[in-house]
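Take a look at the letters that make up each chain.
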Amino acid sequence: MAVIRLDITHAGGAYPVLIGAALTRRLDQVLAEQRLITETVVVSCPPVWRLHGERLPGLLGGHPPLLMPDGERAKHLTTVARLYDGLVERRIDRSALVIGFGGGVVGDAAGFAAATYLRGVRLAQIPTTLLAQIDSAIGGKVGVNLSAGKNLVGAFHAPSVVICDPELLDTLPRREFRAGLYEAVKYGVIASRSLFDSVSDGLPAIFKKEPAVLETLIADCCRIKAAVVMADEREQGPRRTLNFGHTVGHALEAISRYGRFLHGEAVGYGMLAAAALSLKRGILPPEDMESLKAVIGHMGPLPSTAGLKASDALDAILSDKKISRGTLHFVLPVRIGATTIVPDVTTKELKAALRTIGIR
Ligand SMILES: NC(=O)c1ccc[n+]([C@@H]2O[C@H](COP(=O)([O-])OP(=O)(O)OC[C@H]3O[C@@H](n4cnc5c(N)ncnc54)[C@H](O)[C@@H]3O)[C@@H](O)[C@H]2O)c1
Ligand SMILES: [Zn+2]
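Just so you know, these numbers come straight off a predicted model, no measurement behind them. (Residues numbered from 1 in each chain as written. Chains lettered and ligands numbered in written order. Predicted model: local features only at pLDDT ≥ 70, side-chain atom pairs only at ≥ 80, totals over all residues.)

**Q** How would you summarise the overall build of the protein chain if you had to cite specific residues and measurements?
**A** When its secondary structure is counted, the protein chain shows 13 helices and 11 strands. Taking 2.2 N^0.38 as the reference for a compact globule, 360 residues should give roughly 21 Å; the C-alpha atoms of the protein chain span a radius of gyration of 20 Å, in line with that estimate. Here the C-alpha coordinates of the protein chain stretch approximately 60 × 40 × 35 Å along the principal axes. Burial status across the protein chain gives 47% buried among its 360 residues. Put simply, of all contacts in the protein chain between residues at least 6 apart along the chain, 71% involve residues at least 24 apart. (Helix = DSSP H or I, 4+ residues; strand = E, 2+ residues; numbered from the N terminus. Rg over C-alpha atoms; globule rule 2.2 N^0.38 Å. Buried ≥ 20, exposed ≤ 12 C-beta atoms within 10 Å, placed from the backbone. Contact = placed C-beta atoms within 7 Å.)

Here it is in structure tokens:
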């Protein structure tokens, strides 16, 4: 079967992203082709291992998998400490390959363990959620949360290979799948009208998870993330465009204590708010606002924003800014397929934008 291959270069080298249905059914062969014939240890979480562990039968080394708890709360230094202990118990040395097999939580934590254990061992990412396949597994950012906030400790540790198998998504709950799809819409808005249209027009086939459709979708998204990341490895300029929808999105996650919205859902609202702001400034054409609203509407229901307060959302947005010690750089769509970054968004504009998503 045809495999889509993208090559990502970074300061320290290059790695391929391989996209293809059933790739994880012949993983030994895939790793051998990548010259990654070495001792391996898989890091996963119980739900993913239960559903798909049989795809990784006694990979080289034959170590039992290191299973970390499921969920965002597990993306924590204590989990990483347990992973180190598991690596030591298995006598894993610097020649080994750590395989992150799960969603973004597993990928980030396993990746951080790999980045730091023995000052760094190689990493393969086998993402199992749509969000991880199109976003978190690519770009080399790994890390964990602190009580003070998300992703506050981390590293840049590029993987040796990323393997995206859309078959793994068959078992992904619809809500998780949809949450990933908001990030695909984001890529469309920031960089590609044709990707945006293919999501808008292709929702039935996408939700049916037709392998060929997903392969193309994943590849189109990965290409955009790769291009942005390669242009800007350390997040100075262009990488900021990936934050479209995330300023308000992160605030919604924080003020609902990470309990109401999946990340992608919060980004769905965040994109609508940013687009409304852009529309009001006369930057975004009204028909593009309508297209964005339509695709988000057709994707399905977002959890309600009822009860959330604009004042809390504003505080969250500003405290995000304080942590980064900078001005609030707001990514605004110029049209579907292009954005601009503005430093001068006012509280009044933010309030008006929040009102459009039901937050007063
Ligand atoms: N490193 C980066 O550049 C980057 C970028 C974006 C997001 N992230 C991080 O990614 C994380 C979110 O990732 P996520 O959305 O994948 O969430 P997740 O890892 O929590 O996975 C979501 C849920 O889906 C389950 N699951 C995973 N694969 C499955 C499958 N194939 N079938 C059934 N269930 C499955 C998981 O067990 C979990 O319960 C966040 O911590 C975020 O900070 C990192
Ligand atoms: Zn995101």
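Further notes follow.
**Q** Break down the sheet that holds strand 5 (residues 97-102) for me, citing the residues and quoting the values.
**A** In a beta sheet, neighbouring strands are held together by backbone hydrogen bonds and run either parallel or antiparallel to one another. Ordered in space as 1-2-9-6-5-3-4, the seven strands form an open sheet in which the pairing is mixed. Of all strands in the sheet, those with a lone pairing partner are strand 1 (4-10) and strand 4 (66-67), marking the two edges. As paired strands, strand 3 (residues 40-44) and strand 4 are joined by two bridges and run parallel to one another. The partner of S44 across the bridge, within strand 4, is L67. (Pairing = 2+ DSSP bridges.)

**Q** Can you explain the packing of helix 10 (residues 263-280) against helix 11 (residues 286-299)? Please cite residues and give values.
**A** It is at 10 Å that the axes of helix 10 and helix 11 come closest, and there the two elements cross at 165°. Classified by the interaxial angle, the pair formed by helix 10 and helix 11 is roughly antiparallel. As helix 10 runs across helix 11, the sense of the crossing is left-handed. The residues of helix 11 that touch helix 10, namely those facing G268, M271, L272, A275 and L279, are P286, M289, L292, K293 and I296. Taken together, the residues of the contact of helix 10 with helix 11 break down into eight nonpolar, one polar and one charged. (Axes fitted to C-alpha atoms, helices over the stretch in contact; angles between N-to-C directions. Parallel < 35°, antiparallel > 145°, perpendicular 65-115°, else oblique. Left-handed = near helix turned anticlockwise from the far one by under 90°. Nonpolar A, V, L, I, M, F, W, Y, C, P; charged D, E, K, R; others polar.)

**Q** Quick one: what's the story with the packing of helix 3 (residues 77-89) against helix 4 (residues 104-116), residue by residue and with numbers?
**A** At a minimum axis separation of 10 Å, helix 3 and helix 4 run at an interaxial angle of 55°. The angle between the axes of helix 3 and helix 4 places the two elements in the oblique class. The two elements helix 3 and helix 4 cross, and the hand of that crossing is right-handed. Facing helix 3, whose interface residues are T79, V80, L83 and Y84, helix 4 presents A109, A110, F112 and A113.

**Q** With reference to specific residues and values, describe the nonpolar core.
**A** Residues V43, V98 and A109 are the most contacted members of the largest nonpolar core, which totals 110 residues. Take this core: its biggest share by element is 11 residues, from helix 10. When residues are assigned to domains, this core turns out to be shared by domain 1 (4-171) and domain 2 (180-356), each giving three or more. Setting aside residues up to four positions removed in sequence, V43 forms contacts with L66, M68, L83, V98, I99, G100, F101, V106, A110 and A113. (Core = buried A, V, L, I, M, F, W, Y, C linked by C-beta atoms within 7 Å. Domains from an automatic or database assignment.)

**Q** Explain helix 11 to me, and be specific about the residues and the numbers.
**A** A rise of 1.5 Å per residue sets the reference length of helix 11, with its 14 residues, at 20 Å; its end C-alpha atoms lie 20 Å apart and thus fit the reference within 8%. Looking at the packing, one finds that the buried side of helix 11 touches helix 6 (174-191), helix 7 (193-207), helix 10 and strand 10 (330-335). In the segment just after helix 11, G300 is the residue with positive phi, at about 130°. (Expected span 1.5 Å × (residues − 1).)

**Q** Pulling in residues and values, what's your account of the site of ligand 1?
**A** Taken together, 30 residues sit near ligand 1, with G103, G104, V105, T129 and S136 positioned nearest. A class-by-class count of the residues in the shell around ligand 1 yields 11 nonpolar, 11 polar and eight charged. (Near = placed C-beta within 6 Å.)

**Q** Mind laying out the domain arrangement of the protein chain, listing which residues take part and the relevant values?
**A** For the protein chain, the assigned domains are domain 1 (4-171) and domain 2 (180-356). The straight-line distance from the C-alpha centre of domain 1 to that of domain 2 is 26 Å.

**Q** Give a description of the pairing of strand 1 that names residues and reports values.
**A** Relative to strand 2 (residues 13-19), strand 1 runs antiparallel, the two sharing seven bridges. Opposite T9, over in strand 2, you have A14 as the bridge partner. Counting the residues between successive antiparallel strands, the hairpin from strand 1 to strand 2 contains two residues.

**Q** Any chance you could break down the environment of L272 for me, citing the residues and the numbers?
**A** Examined against the element boundaries, L272 turns out to sit in helix 10. In this structure L272 comes out as buried when scored by C-beta crowding, with 21 C-beta atoms within 10 Å. Through-space distance from the C-alpha of L272 to that of K293 is 7.0 Å; in sequence the pair is 21 residues apart. Once residues lying within four places of it in the same chain are set aside, the contact partners of L272 are L292, K293, I296, T356 and I357.

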